[in-house]
Amino acid sequence: MSTEDPLILTEVVDAVGVIRLNRPKKLNALSPALIDLVAAQMERWDADPAVRVIVLTGNDRAFAAGADIDDMTERSAVEMYERDQFTDWDRIRRVRVPIIAAVSGFALGGGCELMMLCDIVVAGDTAQFGQPEINLGVIPGAGGTQRLTRAVGKALAMDMILTGRMLSAPDALAAGLVSRVVPPEHVLPEAMKIAQQLAARGSIAARFAKECVLKAFETTLEEGVMHERRLFYMLFATLDQKEGMRAFADRRPARFEHR
Ligand code: CAA
């Protein structure tokens, strides 16, 4: 790869925006510049009605092996604080369209954290997951201590974060860290299949559904249920609700217009 090679590759396939992390020689180490590009591209697509789902992927060897260690090694605490590089990751958290991670190889440190910002995770059966920051004398810095704990529970999160051990794909599936495990060559096709299915459904309902599920991590059960109920009622202001329910009554496929 030359210095001219782009850090990410993007394309839109029908209504699906695909981002491929593209630092293969560095196992897709997530430099601040790379994360900024990912966040900016996702924000553009989030504002574009023609894109209704995003797929984020890496290569066969790595989804991403973490934040770029070379970029951090000699920095001072003040430099890290001033740069505040992880605020860019919050931009990805705020994307409203569903994001599907297609994960092969390593998803470590920031790579695992980036994956956990996605909504559905399709993993190859040889993929490996971990938060090995403890081996570097630090801790996860892009949400890992919080999101991993919410995803897999305290015991396993403590084990992974304190020992830095990696989880296999079947174990990650059993723990609830990923949604589906498939042979490595099927990872991207399976993610694209899910994305196309999702893109054919009503996009307002999809964004509301994502918002409600994420709300479950942020609020009480009662408030979350009330939030869900309000968005459920609000969907009755959309044409998609009428079309979806009428199509059911007519025994025909619905043709959603995303409005
Ligand atoms: N940052 C920078 N470079 C990285 C990297 C990272 N996170 N991970 C891998 N690389 C580079 C290696 O330095 C190497 O580069 P060179 O060829 O120029 O030497 C190249 O990618 C290939 O890596 P390896 O030769 O190490 O490949 P391997 O197959 O022997 O090992 C690995 C693979 C076990 C994933 C190993 O690369 C590794 O342990 N990587 C670091 C994993 C890690 O600690 N991640 C956490 C980073 S900190 C973080 O993410 C903080 C946060 O919370 C956001």
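If you're wondering where the values come from, they're calculated on a predicted model, not measured in any experiment.

### Some details on the site of the ligand
Alright, step 1. The environment of the ligand is formed by 22 residues, the closest being Arg-61, Gly-110, Glu-113, Glu-133 and Gly-141.
Alright, step 2. The separation between an oxygen atom of the ligand and a polar main-chain atom of Gly-110 is 2.8 Å.
Alright, step 3. Between an oxygen atom of the ligand and a side-chain N or O atom of Glu-113, the distance comes to 2.7 Å.
Alright, step 4. Taken by itself the ligand offers 980 Å² of open surface, and the protein chains cover 66% of this.
Alright, step 5. For the shell around the ligand, the secondary-structure elements that each account for two or more residues are strand 6 (106-108) and helix 4 (110-116).
Alright, step 6. Here the residues of the shell around the ligand sort into 12 nonpolar, 4 polar and 6 charged.

### Structural notes on the packing of helix 9 (residues 203-215) against helix 10 (residues 221-234)
Alright, step 1. Packing of helix 9 against helix 10 brings their axes to within 10 Å, and their N-to-C directions diverge by 175 degrees. With respect to each other, helix 9 and helix 10 are oriented roughly antiparallel. The segment helix 9 lies against helix 10, with Phe-208, Glu-211, Cys-212 and Lys-215 engaging His-227, Glu-228, Leu-231 and Met-234.
Alright, step 2. Of the residues assigned to the contact of helix 9 with helix 10, the class counts are 4 nonpolar, 1 polar and 3 charged.

### Some words on the pairing of strand 5 (residues 99-103)
Alright, step 1. Among the 5 residues of strand 5, 5 are classified as buried, and the element is accordingly described as predominantly covered.
Alright, step 2. Burial along strand 5 is two-sided: the face carrying Ile-99, Ala-101 and Val-103 and the face carrying Ile-100 and Ala-102 are both buried.
Alright, step 3. Taken together, the 4 bridges between strand 5 and strand 7 (residues 120-124) define a ladder with parallel strand orientation. Considered in strand 7, the bridge of Ala-102 is made with Val-122.

Quick notes on the rules
Residues numbered from 1 in each chain as written. Predicted model: local features only at pLDDT ≥ 70, side-chain atom pairs only at ≥ 80, totals over all residues. Heavy atoms only, no water. Near = heavy atom within 4 Å. Polar contact = N/O pair within 3.5 Å; in protein donor to acceptor, adjacent residues only side chain to side chain. Areas by Shrake-Rupley, 256 points an atom, 1.4 Å probe, with all protein chains shown as cover. Helix = DSSP H or I, 4+ residues; strand = E, 2+ residues; numbered from the N terminus. Nonpolar A, V, L, I, M, F, W, Y, C, P; charged D, E, K, R; others polar. Axes fitted to C-alpha atoms, helices over the stretch in contact; angles between N-to-C directions. Parallel < 35°, antiparallel > 145°, perpendicular 65-115°, else oblique. Contact = heavy atoms within 4.5 Å. Buried < 20%, exposed > 50% of the residue type's maximum accessible area, 1.4 Å probe, protein only. Pairing = 2+ DSSP bridges.

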